[in-house]
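A closer look at the structure
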Amino acid sequence: MSSRRNVWSTKFGFYLAAIGSACGLGNLWRFPYVVGENGGGAFVLLYMSFALVVGLPLLISELSFGQSRKKSILSVFSDLSKKANKKHIVWIARSAVWLSLIALSYYAVISGWVLHFLMQFMVGIYKKDPLYASHSLRTLMENGLLQVGLASVHLLVTLIVIMKGVQEGIEKWVGYLMPVFGLLLAILMFKSLSLPSATEALRFLFYPNFSELTYSSMIQAVGHVLFTLSVGFGVMVTYGSYMNEDQHAPSAGFRVTTIDTMISLGAGLLIFPVVLAASNIRLSDPALLFEALPRFLAEMSGGSIFGIAFFVCLYVAALGASIGLFEVIVSNLKEQTKLSRSSACWAAGFVALVLAIAPALSSTAFEHVQWGGRGVLEALDAILINWLLPIVALGICVSFAYCVKEQELKDIFLDPEKQVSVILYPYWYFSIRYLAPGIIFVALMLQVIGLFSV
Ligand code: PHE
C-alpha cells in the first residue's frame, strides 16, 4: 500500500494486512481477561454469536463501502451526508477517527508491555535464568516511566513504518510471521491443554453458565467483537479502499472473522489451563496474559526460546494492528487538511503519545485515580470499548443501512460470479438494518440499567 490511492499489490497482500489489523492484542491480551471478568462459557457463546451477527455484517459493510468509494471514512460519510441530506452523520465518521486515536494511544502502552517481556526473555537467556521473565511484571507495573518510554518506542516504530510507506515490507513480514505465530500458538495451546487443569479450563470456556452474566456482559461481548475485528474505527473502510476491484469484500470479511475468532479461542485455550492451575491470579486482571504466559514458559523446556519467538510474533501482531489505527488517522487527516503525509504522521504520533501518558502511569503516579475499582487504563478501555465504540459502530451501521439506496447496497454486495452472494445478501441486509443495530442498542440499554441497579 502506498500514500497514493493505490491497491494492494496482491489479493493475498490485502488479506495479510486486514488479518494483521484484526489479529492482535485484542485476541491474545484482551479476550482472555474479558472472558475471565464475565465468568467464561456463557460470555464466549455471546462473543461468538455476536461475531457472526454484528461483527461480520459490519466488517463487510466497512470493507465494501471503502472498496466501492475508494475513499476513507470521513470522505465516504461526507458524500453520504450530501446525498442523503443528513449533515450530522459526518460527526459519526469524525468520532470514529477520534476513537482510533484514543485506541492507538492505549494500545501503545500494552504493545510496550510486549516489548518489555520480549527483552526480559532475552535477558533471561543471557543470564541463563529461565525464571527471569516470569518475575518481571512487577518491575514493569512499578515503573511508570518505563511504560511511557516503551509506549514511545512503539509509537516511533509504527510512525517510521507508516511514514516510509513500507507497508509492502510489513505485509511480507506479517505474512511470513502469521503462520509461524499460528503454529506457535497451537504448540503452546496443546502443551497447556496437557496440564491437569485443562478439563476445568475447557469447562470454564465452553460450558455456558448464564448466571455468571451481568447487565454489562452483552455490551462487553459486542464491544470486544467490534474491537477485535477492527470495526467502528474506520480502519476497514480505509483498507477496503485499497482493495482490488475483483476482490469480493463479503468473502474477505468472512475469512478475516473466522481466523480472528479462531485465534481468540486459541488464546483462551492457552491461557486458562495455566491460570486455573495457579491459585493467585485474578481472572479479570488486564495483565492476565503477562501473568500467565511467562510462568508457563518458565516451566517448559526451551521455554525462553519459545518466549522470545512468541513475543516477537505478538509484537509484530501488535504492530500490524497499530499500523491500521495510525493509517486511518493519517489518511483521514490528509484527505481533510492540506497537511503532507509526514506532517500528518508526526501530528498523529505526538497526540497519541500525549494521550498514552495517563494509561501508562495508571499503576504508578495515577494509582489512586479509580472509577468503580478500575484504574485509568482499565477505565479508559471500558469507556472506549463498552461505550464509545458501540455507539459509533451503531451510527456507522445505521448510516450505511438507511442513507444508501437499496440498489447500491445490492451492487456493493452481489458478485455475479458468486452464486452464494445472492443467497447471503438478504441476511446481510437484514443484519445491518435490524439485527446488528438492535443488538447494539439493547446491549447499551442493559448496560445503562446495570448502572442504576447496583
Ligand atoms: N483488532 C485489533 C486487535 O484485536 C485492534 C484494532 C482495533 C486494530 C481497531 C485496528 C483498529 O488487537
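I will try to describe carefully the structure that is included in this document.

1. Focus on the overall build of the protein chain
- Of regular secondary structure, the protein chain possesses 18 helices and zero strands.
- At 21 Å, the protein chain has a C-alpha radius of gyration in line with the 22 Å of a compact globule built from 454 residues.
- Counting all 454 residues of the protein chain, 59% fall into the buried class.
- Intrachain contacts of the protein chain at a sequence separation of at least 6 include 83% that bridge at least 24 residues.

2. Some thoughts on the site of the ligand
- Close to the ligand lie 14 residues, the nearest being A22, G26, Y107, F227 and S230.
- Contact distances for the ligand include 3.4 Å between an oxygen atom and a side-chain N or O atom of N27.
- For the ligand, a nitrogen atom lies 3.0 Å from a polar atom in the backbone of T228.
- When the ligand sits alone it has 320 Å² of accessible area, and the protein chains cover 100% of it.
- Secondary-structure elements contributing two or more residues to the shell around the ligand are α1 (11–22), α2 (25–37), α10 (217–228) and α14 (303–336).
- If you tally residues by element for the shell around the ligand, the top one is α2, at three residues.
- Taken together, the residues of the shell around the ligand break down into eight nonpolar, six polar and no charged.

3. Remarks on helix α15 (residues 341–360)
- In this model α15 runs 28 Å from its N-terminal to its C-terminal C-alpha over 20 residues, within 8% of the 28 Å that 1.5 Å per residue would give.
- Turning to α15, its buried residues are R341, A344, C345, A348, G349, A352, A356, P359 and A360.

4. Topic: the environment of F306
- One can find F306 in helix α14.
- Residue class for F306 comes out partly exposed when judged on its relative accessible area of 21%.
- Between the C-alpha atom of F306 and that of I187, which follows or precedes it by 119 residues, the distance is 9.8 Å.
- Apart from residues no more than four positions distant in its own chain, F306 is found in contact with L184, I187, L188, L297, M300 and S301.

5. Quick look at unusual backbone geometry
- A positive phi angle, near 55 degrees, is found at K70, a position not held by glycine.
- Within the fold, K70 resides in the loop between α3 (41–69) and α4 (73–84).
- By relative accessible area, which is 24% here, K70 ends up partly exposed.
- Phi at S230 is positive, roughly 55 degrees, even though this residue is not glycine.

6. Here's the deal with the packing of aromatic side chains
- Scanning the entire structure with this criterion turns up 20 aromatic pairs.
- Ring centres of W29 and Y33 lie 5.6 Å apart, and the angle between their planes is 55 degrees; this geometry places the pair in the tilted category. Here W29 pairs with Y33, and both are found in helix α2, just four residues apart, close to one helical turn.
- The exposure class assigned to Y33 is buried, which follows from its relative accessible area of 3%.
- Ring geometry for W113 against F290: centres 5.5 Å apart, planes inclined by 80 degrees, an arrangement best described as edge-to-face.

7. With respect to the pattern of salt bridges
- Scanning the model with the defined rule gives nine salt bridges in all.
- A salt bridge links K71 to D79, with the shortest nitrogen-to-oxygen separation between them at 2.7 Å.
- For K71, a relative accessible area of 28% corresponds to the partly exposed category.
- Assessed through its relative accessible area of 23%, D79 is described here as partly exposed.
- A salt bridge links R295 to E291, with the shortest nitrogen-to-oxygen separation between them at 3.4 Å. With R295 and E291 both in helix α13 (residues 288–298) and four residues apart, the pair spans about one turn of that helix.

8. A word on α14
- With 34 residues, α14 ought to run about 50 Å at 1.5 Å a step, and its terminal C-alpha atoms sit 49 Å apart, in line with that.
- A large share of α14 lies buried, amounting to 26 of its 34 residues.

9. Here's the deal with the environment of M236
- By secondary structure assignment, the location of M236 is in helix α11 (residues 235–241).
- Beyond its immediate sequence surroundings of up to four residues, M236 is in contact with A18, S21, A22, L59, E62, L63, L229 and S230.

Reading guide: rules and limits
Residues numbered from 1 in each chain as written. Predicted model: local features only at pLDDT ≥ 70, side-chain atom pairs only at ≥ 80, totals over all residues. Heavy atoms only, no water. Helix = DSSP H or I, 4+ residues; strand = E, 2+ residues; numbered from the N terminus. Rg over C-alpha atoms; globule rule 2.2 N^0.38 Å. Buried < 20%, exposed > 50% of the residue type's maximum accessible area, 1.4 Å probe, protein only. Contact = heavy atoms within 4.5 Å. Near = heavy atom within 4 Å. Polar contact = N/O pair within 3.5 Å; in protein donor to acceptor, adjacent residues only side chain to side chain. Areas by Shrake-Rupley, 256 points an atom, 1.4 Å probe, with all protein chains shown as cover. Nonpolar A, V, L, I, M, F, W, Y, C, P; charged D, E, K, R; others polar. Expected span 1.5 Å × (residues − 1). Phe/Tyr/Trp six-rings, centres within 6.5 Å; stacked < 30°, edge-to-face > 60°. Salt bridge = Lys/Arg side-chain N within 4 Å of Asp/Glu carboxyl O.

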